[in-house]
Structure formats: C-alpha cells, structure tokens
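Remarks on the overall topology
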Amino acid sequence: MGTRGLRDAVVELQPGQAREGSTDRGPAEGQPVVILLGWAGCQDKYLAKYSAVYSQKGCTVIRYTAPWRMVFFSETFGIRSLQTPARRLLELLFDYRVENRPVLFHVFSNGGVMLYRYILEALHTHTPFQSLRVAGTIFDSAPGRRNLQGALRALATVLASMNVLLKYLLLFTFATTAVVLRVLLYPLTRFLHESHYDALLKAPSRWPELYLYSKADLIIKASEIELMASAREQLGVPVKAVDFSDSPHVSHMRVYPTYYRSLCTTFLADCVGASPP
C-alpha cells in the first residue's frame, strides 16, 4: 500500500522516477531514499524545508509525522499504536520500487524517535524488510528520556490553539499518566512496554548515527542525547555528535542553515560511499 494506506505521508520523487504501482525504473535509479520522521505536531510545510535539502541532491524523500495523540497518549498508555504506520512507511519503499536503494532516516525529537523505534523492530524481525539497506540515521533534538517537564512543554506547544479548559485537561491527563506509568511503575511496566529510549540504547542496528542537538534545548536534555551517543558508540556504532550550543529545540537548521545542511549532506554522502556534495 502506498500513501493511500498511510494518511499524511508525502513521497517526493525525482523526475523520471517510477510512480506508485509502476514497473518502470527511471534515471534516478540508485539514488538514496531519505525518510523524514517529524516531531509531534509538526506541520508538513516545516518538514518540507528539510526535505528540500535532500531532494536537491537527487534523493527520493518520504516524510511523515505521527499524529500527536498517538505520540503523547497512546504510547504513554502503553498502546503500540505507532507499529502500523512504521511498517507502512517501509512498505512505501516497495510500492515505489525503491527498495534496493540505500535508505537514510532523519528523525526529529521524541515524536520521530517513537516511530523510528518500531521501524527498527520491523527491519530486524519482518520479512521482506530485513533485505532493506539502511545507510545511516540522523537524530535532530533526540532522543530524550523521562523528562516530564520537557514533554509538557512540547505538548503545550502542540495544544497552543486549543480551548484553554480542554488544553489543561489534556496536559493534566498526560502528566498524571506519565508519572504513574512511565516513572513510578516503570520498573514493572517496562516488561510490557519498554520506553523508546531504553529500546534504542540496545538496538541491534550498527549503521552510522549522527546526533544534532543543543544545550539550549528546553524540551530534550543535551545530557540524555550525549548519554545515548556514548552508549551506542560503545556498542561499536560509528557515531558523530554535534552540539549547536544555543539553538532551540528542532531549530538548528533555522539558526545555522548552512552548517546544518552541510552536516546532513556530508553524512549522507559518507554513509552511501559517495563523494561529499
């Protein structure tokens, strides 16, 4: 199934590429595929700016942002609601006949990480996803651990335009559930639904990872990203971490556009074995 089976997914093809369901393979054959996983509440017009970084280099780009209700509520309650969209994203590679190309994931904040966690599981446990060739992963402002204050800030931003009473009711519901299930009872609930952070710490993937973060981030603590990068490196994963120091959450490209683009495109080129653009 293609985008018809995954609401709000956007697929950007290069000129001459095969459309969904076609058996033709165009001149863009062999170019990398980049999958962008947006932050909770991200509008596609913002994610499209990152998409342009890769499409200008000839890449096919798939971008998708998981519904914020799934990110903040379903996953907090232990409901694995993101498993299905994770698998459908991988199915798009087959729908558009780009499954033989190297794939790069660009993951934003914990909203993207929660989806990426299930993508990793599918890549290692489901046929034919095991045949896909992942070149690397870029993490932007992620991953974060059990930072309730940061999560509340993120949810408050998503709910900014909502009725005030409903907004505070949802914030209270989320905070209460998170404290009980993800903090107080986590030593028990982790056996039923391990946190995305803990799952990534021991993920079996060994392709290169690039962490882009900032000590000025009020949503995700820099120390948690640094801990993840260090732990992954100890497992033998090629890791690079870049601290932008003063840029806000998921705003590193806005503050440092040239440097950010250079980091991403150079990482992509290194991962797929091409010459730096």
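Use the structure listed above.
Here the structure is a predicted model, which means the values were calculated and not measured.

Okay, the overall build of the chain next. When you go through the chain residue by residue, the secondary structure sums to eleven helices and seven strands. For the chain, the proportion of its 277 residues judged to be buried stands at 53%. Pairs at least 24 apart in sequence give 77% of the contacts found in the chain among residues at least 6 apart. Summed over its atoms, the accessible surface of the chain is roughly 12600 Å², and 56% of this surface lies on carbon and sulfur atoms.

Residue position: Ser214 is located in the loop between strand E6 (209-213) and helix H9 (222-234). One polar contact links the side chain of Ser214 to the main-chain carbonyl oxygen of Ser247, over a distance of 2.8 Å. What Ser214 contacts, discounting residues up to four positions off in sequence, is Ala222, Asp243, Phe244, Ser245, Asp246, Ser247 and His252.

This paragraph deals with H9. Over its 13 residues, H9 runs 18 Å from end to end, which matches the ideal 18 Å to within 8%, given 1.5 Å per residue. Listed as buried for H9 are Ala222, Glu224, Ile225, Met228, Ala229 and Arg232. Projected down its long axis, H9 carries its buried residues within an arc of 165°, all on one side. Those residues of H9 that are buried lie in contact with helix H8 (196-201), E6 and strand E7 (239-243). The positive-phi residue at the C-terminal boundary of H9 is Gly236, with phi of around 100°.

Leu89, Leu90, Leu93, Phe105, Tyr116 and Leu123 are the most contacted members of the largest nonpolar core, which totals 50 residues. At nine residues, the largest contribution of residues to this core is made by helix H4 (residues 109-125). Dropping the residues within four chain positions of it, Tyr116 is found in contact with Leu37, Phe105, Val107, Thr137, Phe139, Leu200 and Trp207. Counting 26 residues, the second largest nonpolar core, distinct from the first, contains Tyr50, Leu210, Phe244 and Tyr260.

This paragraph deals with the side chain of Glu209. Structurally, Glu209 is set in strand E6. Overall, Glu209 belongs to the buried group, its relative accessible area being 2%. Within the structure, the side chain of Glu209 is placed 3.1 Å from the side chain of Arg232, a separation counted as a polar contact. Apart from residues lying up to four places away in sequence, Glu209 is in contact with Thr137, Phe139, Arg232, Val237, Pro238, Val239, Lys240 and Phe267.

Turning next to the pairing of strand E4 (residues 103-108). On any regular strand, side chains alternate: one points to one face of the sheet, the next to the other face. Counting buried positions along E4 yields six of six residues, so the element is predominantly enclosed. Residues Val103, Phe105 and Val107 point to one face of E4 and Leu104, His106 and Phe108 to the other, with burial holding for every one of them. Sheet analysis places strand E2 (residues 33-37) next to E4, joined by five bridges and oriented parallel. Paired with Val34 across the two strands is Leu104, which belongs to E4. In terms of strand pairing, E4 meets strand E5 (residues 134-140) through six bridges, oriented parallel. When the bridges of E5 are listed, Val107 appears paired with Phe139.

With that settled, the discussion passes to helix H1 (residues 44-55). Spanning twelve residues, H1 covers 15 Å between terminal C-alpha atoms, matching the ideal 16 Å at 1.5 Å per step. Of all the residues in H1, the buried ones are Leu47, Tyr50, Ser51, Val53, Tyr54 and Ser55.

Turning next to unusual backbone geometry. Most of the time, phi is negative for any residue but glycine, and the peptide bond is trans. Backbone torsion omega between Thr127 and Pro128 reads 10°, so that peptide bond is classified as cis. Relative to the helices and strands, Pro128 is located in the loop between H4 and E5. Phi at Ser141 is positive, roughly 60°, even though this residue is not glycine. Note on placement: Ser141 falls in the loop between E5 and helix H5 (148-158). Relative accessible area serves as the criterion here: at 0%, Ser141 is assigned to the buried category. Positive phi values are uncommon outside glycine, yet Val250 reaches one of about 40°. Looking at the secondary structure, you find Val250 in the loop between E7 and helix H10 (252-255). Judged by relative accessible area, Val250 falls into the buried class, the value being 12%.

Here we take up empty space enclosed by the protein. Over the atoms, a rolling probe the size of a water molecule traces out where space has been left empty. Enumeration according to the criterion identifies one cavity of 30 Å³ or more in this entry. Reported here for the largest cavity is a volume of approximately 40 Å³. Contributing to the lining of the largest cavity are Tyr116, Leu120, Phe139, Leu200, Ala203, Ser205, Glu209, Tyr211, Met228 and Arg232. Of all the elements in the fold, those that place two or more residues in the lining of the largest cavity are H4, E6 and H9. A per-class count over the lining of the largest cavity returns seven nonpolar, one polar and two charged.

Rules and cut-offs
- Residues numbered from 1 in each chain as written.
- Predicted model: local features only at pLDDT ≥ 70, side-chain atom pairs only at ≥ 80, totals over all residues.
- Heavy atoms only, no water.
- Helix = DSSP H or I, 4+ residues; strand = E, 2+ residues; numbered from the N terminus.
- Buried < 20%, exposed > 50% of the residue type's maximum accessible area, 1.4 Å probe, protein only.
- Contact = heavy atoms within 4.5 Å.
- Areas by Shrake-Rupley, 256 points an atom, 1.4 Å probe, with all protein chains shown as cover.
- Polar contact = N/O pair within 3.5 Å; in protein donor to acceptor, adjacent residues only side chain to side chain.
- Expected span 1.5 Å × (residues − 1).
- Arc of directions from axis to C-beta.
- Core = buried A, V, L, I, M, F, W, Y, C linked by side-chain atoms within 4.5 Å.
- Pairing = 2+ DSSP bridges.
- 1 Å grid on protein atoms, 1.4 Å probe; cavity = no way out; pocket = protein on both sides within 12 Å on 5 of 7 lines; lining within 4 Å.
- Points joined across faces, edges and corners; volume = space filled by probe spheres on them.
- Nonpolar A, V, L, I, M, F, W, Y, C, P; charged D, E, K, R; others polar.

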